[in-house]
Amino acid sequence: MQGRIVAVCSSPEKGGRKKNIGQGVLIEGFGLEGDGHGGDWHRQVSLLAMESIASMQAKGLDVNPGDFAENLTTEGLELFTLPVGTRLKIGDDVLLEVSQIGKVCHTRCAIYYQAGDCVMPKEGIFAVVLKGGSVRVGDEILVLPPAAEETQA
């Protein structure tokens, strides 16, 4: 399976919308350089498919990449169906490993109040950075099996 990056989004603080910066650097064991969600934990990078954002746009919401606080907006992949452990090769250098599918929202965000729903808790995914490097709009994403499956093949 293959997709591509349509936005690279960042914000220095947690809990709000992110701005599409077009390109950035993913740091091994941390996340997106300069982003408030980076750190030594299992949700270093968040990803959401443009198709999920489009479903909210179809409900009449004026939302765009970054509005769900995702770091990487993708196209062409049904992210939430990828199992934990799946690896994503982005561009020439970056390697991510899916660490969590969806999340629990402890407080309702503005999107939820506008639409009565939000896609990030169900369709957003999180990953850790196994190998860092540059990431930019237009980069291809290649889906790789979990490392354990690859060694068994």
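This write-up is about the structure you can find in this document.

Quick notes on the rules
Residues numbered from 1 in each chain as written. Predicted model: local features only at pLDDT ≥ 70, side-chain atom pairs only at ≥ 80, totals over all residues. Heavy atoms only, no water. Pairing = 2+ DSSP bridges. Helix = DSSP H or I, 4+ residues; strand = E, 2+ residues; numbered from the N terminus. Salt bridge = Lys/Arg side-chain N within 4 Å of Asp/Glu carboxyl O. Buried < 20%, exposed > 50% of the residue type's maximum accessible area, 1.4 Å probe, protein only.

### A few points about the sheet that holds strand E10 (residues 133-136)
In any sheet, the strands associate via hydrogen bonds between backbone groups, in a parallel or an antiparallel arrangement. Here we have three strands laid out as an open sheet, ordered E4-E3-E10, and antiparallel in their pairing. The strands lining the two open edges of the sheet, one partner per strand, are strand E4 (31-32) and E10. Inspection of the sheet shows strand E3 (residues 23-27) paired to E10 by four bridges, in the antiparallel sense. When the sheet's bridge partners are listed, glycine 24 is paired in E10 with valine 135.

### Some details on the pattern of salt bridges
For the structure on display, the rule yields three salt bridges. Linking aspartate 67 and arginine 17 is a salt bridge whose minimum nitrogen-to-oxygen distance equals 3.8 Å. Of the two residues, aspartate 67 is situated in the loop between helix H1 (50-57) and strand E6 (72-75) and arginine 17 in the loop between strand E1 (2-10) and strand E2 (19-20); the sequence distance between them amounts to 50 residues. Judged by relative accessible area, which is 13%, aspartate 67 ranks as buried. Across the pair aspartate 35 and lysine 18 runs a salt bridge, and its minimum N-O distance is 2.8 Å.

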